[in-house]
Amino acid sequence: MARTRERNIVLLGAPGSGKGTQAERIVARYGLPHIATGDMLRAAIAKGTEMGREARRFMDAGELVPDEVVIGVVRERLTEDDAREGFLLDGFPRTIGQAERLDALLGGAGRGLTHVIQLDVPEDELAERLAGRRLCRACGKGYHVVFDPPARAGVCDACGGELYQRADDDETTVRNRLAVYRAQTEPLVEHYRAKCILSIAFGGGKMPDEVFEQVAEILGGAAS
Ligand code: ADP
Ligand code: ZN
């Protein structure tokens, strides 16, 4: 049965570690819904919802949005049909509190995480990657001004949309996001190591393809 092949994955990694890029490849290869809390929060901001307004204050400062807000968003998303047979969580959990709530949420439904993959990238590389990151306003595709530039500066190869820099990718906010990651999210590595579901993929100085080879090795097999 499909159930035995269920992949319930968490992708862990600092800002700039390449989570988004690897996430896109994972969901394409394994046919999983991509649940990215950062994207969901930015969508709420764009829509101008109450929750978006609340989240924005924290995000623009590089702080974490309160657990209760994010957990609510994820809980709802996980009950949707497409997430019943597996999912990829990207950017969640980010605190021990969130991880415990996730464990309880899944456990209550007789489920559990099958893989936690940590994307390990040296600190000095992270800051460099974030500073050069650009996104397409129209389709969301990501670029890097040095490592992965578009054919024409400022224009998306895929759709011709305008490229922009995320408000929280400026230098001061980046420094804060990295500090927040170290303090609040990095402890999750030990949390999941203790549960024996942690694997590490090394991303330092590697192209996305090389990183994905490691990821695919961890996740194994073909799509379910
Ligand atoms: P990155 O991983 O590059 O920092 P994300 O898009 O995942 O980018 O997150 C951007 C911001 O959204 C975070 O700095 C934080 O403010 C907020 N956010 C996203 N996911 C969470 C979460 N699980 N808990 C709290 N805040 C979150
Ligand atoms: Zn585009």
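Here, every reference points to the structure presented above.
Residues numbered from 1 in each chain as written. Chains lettered and ligands numbered in written order. Predicted model: local features only at pLDDT ≥ 70, side-chain atom pairs only at ≥ 80, totals over all residues. Heavy atoms only, no water.

### Section: the site of ligand 1
- Lining the immediate environment of ligand 1, one finds 19 residues, of which Thr37, Arg42, Glu63, Gly91 and Gln98 sit closest.
- With respect to ligand 1, the backbone of Glu63 contributes an N or O atom lying 2.6 Å from an oxygen atom.
- Contact between ligand 1 and Arg166: an oxygen atom at 3.1 Å from a side-chain N or O atom of the residue.
- In the complex, 96% of the free accessible area of ligand 1, which totals 540 Å², lies under the protein chains.
- Of the residues forming the shell around ligand 1, the biggest block, 4 residues, is contributed by helix H2 (residues 37-47).
- Its residues placed into classes, the shell around ligand 1 shows 7 nonpolar, 4 polar and 8 charged. (Near = heavy atom within 4 Å. Polar contact = N/O pair within 3.5 Å; in protein donor to acceptor, adjacent residues only side chain to side chain. Areas by Shrake-Rupley, 256 points an atom, 1.4 Å probe, with all protein chains shown as cover. Helix = DSSP H or I, 4+ residues; strand = E, 2+ residues; numbered from the N terminus. Nonpolar A, V, L, I, M, F, W, Y, C, P; charged D, E, K, R; others polar.)

### Notes on the coordination of the zinc ion (ligand 2)
- The coordination sphere of the zinc ion (ligand 2), as far as protein atoms go, consists of Cys136 (SG), Cys139 (SG), Cys156 (SG) and Cys159 (SG), spread over 2.3 to 2.4 Å.
- For the zinc ion (ligand 2), the 4 donor atoms in the first shell make angles of 98 to 117° at the metal, so the coordination geometry reads as tetrahedral.
- Spacing between the donor residues of the zinc ion (ligand 2) along their common chain follows C-x2-C-x16-C-x2-C. With Cys139 in the loop between strand E5 (133-136) and strand E6 (142-144) and Cys156 in the loop between E6 and strand E7 (163-164), the pair connects residues that are 17 residues apart, well separated along the chain.
- For Cys156, a relative accessible area of 3% translates into the label buried. (Donors = N, O, S within 2.8 Å, 3.2 Å for Na, K, Ca; no water. Tetrahedral: all angles 85-135°; square planar, octahedral: opposite > 155°, others 65-115°. Buried < 20%, exposed > 50% of the residue type's maximum accessible area, 1.4 Å probe, protein only.)

### Let's talk about a nonpolar patch on the surface
- Taken together, the side chains of Val145, Val146 and Phe147 present a nonpolar region at the surface, about 290 Å² in accessible area.
- One can find Val145 in the loop between E6 and E7.
- Taking the relative accessible area as the measure of exposure, Val145 reaches 44% and is therefore partly exposed. (Patch = residues over 30% accessible without salt bridge, like charges linked within 9 Å, V, L, I, M, F, W, Y side chains within 5 Å. Salt bridge = Lys/Arg side-chain N within 4 Å of Asp/Glu carboxyl O.)

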